[in-house]
Amino acid sequence: MWASLHTAQGRRRHGLFLAEGEHMAGEALKARAANALLLDESEQQRFKHFLDSGLPVFLMPGQVLSKVSSVKTPQGILAVCPVPPPIPIKRVGSRVVALNGVQDPGNVGTILRTVDAAGFAALILDGKTADPYGPKALRATMGAIFRVPVLAVPRLEDALKSLDGYDILAGDLDGTDFYARPHTQKPVCLLIGSEGSGLEESVKKCATQRVRLPMMGPSESLNAGVAAAVMMYEFLRRDLAYCPATKG
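None of these values were measured; they are calculated from a predicted model. (Residues numbered from 1 in each chain as written. Predicted model: local features only at pLDDT ≥ 70, side-chain atom pairs only at ≥ 80, totals over all residues. Heavy atoms only, no water.)

Novice: I'd like a rundown of helix α2 (residues 22-30), residues and numbers included.
Specialist: For α2, every residue scored as buried is listed here: Met24, Ala25, Glu27 and Ala28. One face of α2 carries all of its buried residues, which in axial projection span an arc of 155°. Elements that come into contact with the buried residues of α2 comprise β1 (16-20), α3 (48-51), β4 (77-82) and α6 (135-141). Directly beyond the C-terminal end of α2, a positive phi value near 55° is found at arginine 32. (Buried < 20%, exposed > 50% of the residue type's maximum accessible area, 1.4 Å probe, protein only. Helix = DSSP H or I, 4+ residues; strand = E, 2+ residues; numbered from the N terminus. Arc of directions from axis to C-beta. Contact = heavy atoms within 4.5 Å.)

Novice: Describe the nonpolar core, listing the residues and the values that go with them.
Specialist: Formed by 45 residues in total, the largest nonpolar core has its most connected members in Val97, Leu99, Leu190 and Met232. Examining the composition of this core, we find that six residues originate from one element, helix α9 (residues 224-242), more than from any other. If near-sequence neighbours (up to four positions away) are discounted, leucine 190 is found in contact with Val96, Val97, Ala98, Phe120, Leu169, Met231, Met232 and Phe235. In terms of nonpolar packing, the next biggest core, distinct from the first, is built from 21 residues, Ala122, Tyr166, Ala170 and Leu191 among them. (Core = buried A, V, L, I, M, F, W, Y, C linked by side-chain atoms within 4.5 Å.)

Novice: Give me the lowdown on the sheet that holds strand β9 (residues 188-193), citing residues and values where you can.
Specialist: Judged by pairing direction, the sheet is parallel, and its six strands sit side by side in the order β7-β6-β5-β9-β8-β10 without closing on themselves. Of all the strands in the sheet, just β7 (150-153) and β10 (209-212) have a single pairing partner and so form its edges. Here the average twist between neighbouring strands, direction ignored, is 30°. As judged from the four bridges shared by strand β5 (residues 95-100) and strand β6 (residues 122-126), these two strands associate in the parallel manner. Across the sheet, the residue bridging to valine 97 is leucine 123, located in β6. Here helix α5 (residues 105-117) sits on the sheet in contact with β5, β6 and β7, set at roughly 175° to β5. (Pairing = 2+ DSSP bridges. Axes fitted to C-alpha atoms, helices over the stretch in contact; angles between N-to-C directions.)

Novice: Residues and numbers for unusual backbone geometry, please.
Specialist: A positive phi is found at arginine 32, a non-glycine position, where the angle reads about 55°. If you trace the backbone, arginine 32 turns up in the loop between α2 and β2 (36-40). Relative accessible area serves as the criterion here: at 81%, arginine 32 is assigned to the exposed category. Its identity as a non-glycine residue notwithstanding, methionine 142 has a phi of 55°, on the positive side. Structurally, the position occupied by methionine 142 is in the loop between α6 and β7. Classification of methionine 142 by relative accessible area gives partly exposed; the value is 34%.

Novice: Describe the environment of alanine 159, with residues and values.
Specialist: Counting through the fold element by element, alanine 159 comes out in helix α7 (residues 156-161). A sequence separation of 150 residues divides alanine 159 from glutamine 9, and the C-alpha atoms of the two residues are 23 Å apart. If near-sequence neighbours (up to four positions away) are discounted, alanine 159 is found in contact with Ile89 and Val153.

Novice: Lay out the side chain of asparagine 100 with the relevant residues and their values.
Specialist: Along the chain, the position of asparagine 100 falls in strand β5. Residue classification places asparagine 100 among the buried residues on the basis of a relative accessible area of 2%. Looking at asparagine 100, its side chain comes within polar contact range of the main-chain nitrogen of glutamate 200, at 2.8 Å. Once residues lying within four places of it in the same chain are set aside, the contact partners of asparagine 100 are Asp126, Thr129, Leu156, Ile192, Gly193, Ser194, Gly198, Leu199, Glu200 and Val203. (Polar contact = N/O pair within 3.5 Å; in protein donor to acceptor, adjacent residues only side chain to side chain.)

The analysis is restricted to geometry; functional conclusions fall outside its scope.
Listed below in structure tokens is the structure:
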């Protein structure tokens, strides 16, 4: 059963995902988000601090654990974690990021990590976006998956229509300069589209503003994860400018 958690279908069926490696397992324990540990029986001394966690620990030979692991060189420990229940759209917070068809799991995980670092409240993603609980996305989150609420929705347009009173900023190559946009005190949702084709037109129609990051060189666009980070940190920069005592 545990090996099946490396597939989206298996995670949906069992409502579980695997946090692999000492760092991710530690983050899961810190967040009280794990319900069991899988441990290489030859690594008990190395991971003895995990044995006192109070969770069920399943010891297994390294060759068996390698069949559960998603990496070529397993780190000897995995945490079995329940997929959190979705939060209501009305409770996503005043600053959120929404992803439309971002298919690279590394980008999804990186964006989630930046959501956490920049003080945004939640990540909304549609059914065309890579699963944030997949192995590659999880590694890229560096533990942010346990701190940032994730709301998966079948149709992003429907979720956006529920964000009453938000400035919904759509990243769009044909938009106006992101830095020249009018600033308001409204809640904000940043829309980030797929790496290849950008946002779907039906999603862009939900935006209150279409914005682009200026390109001084010949590049047409930025990587989705980079673009999201630049925009999130601009909001953080403005916060720090108004509240200089706030720590980053």
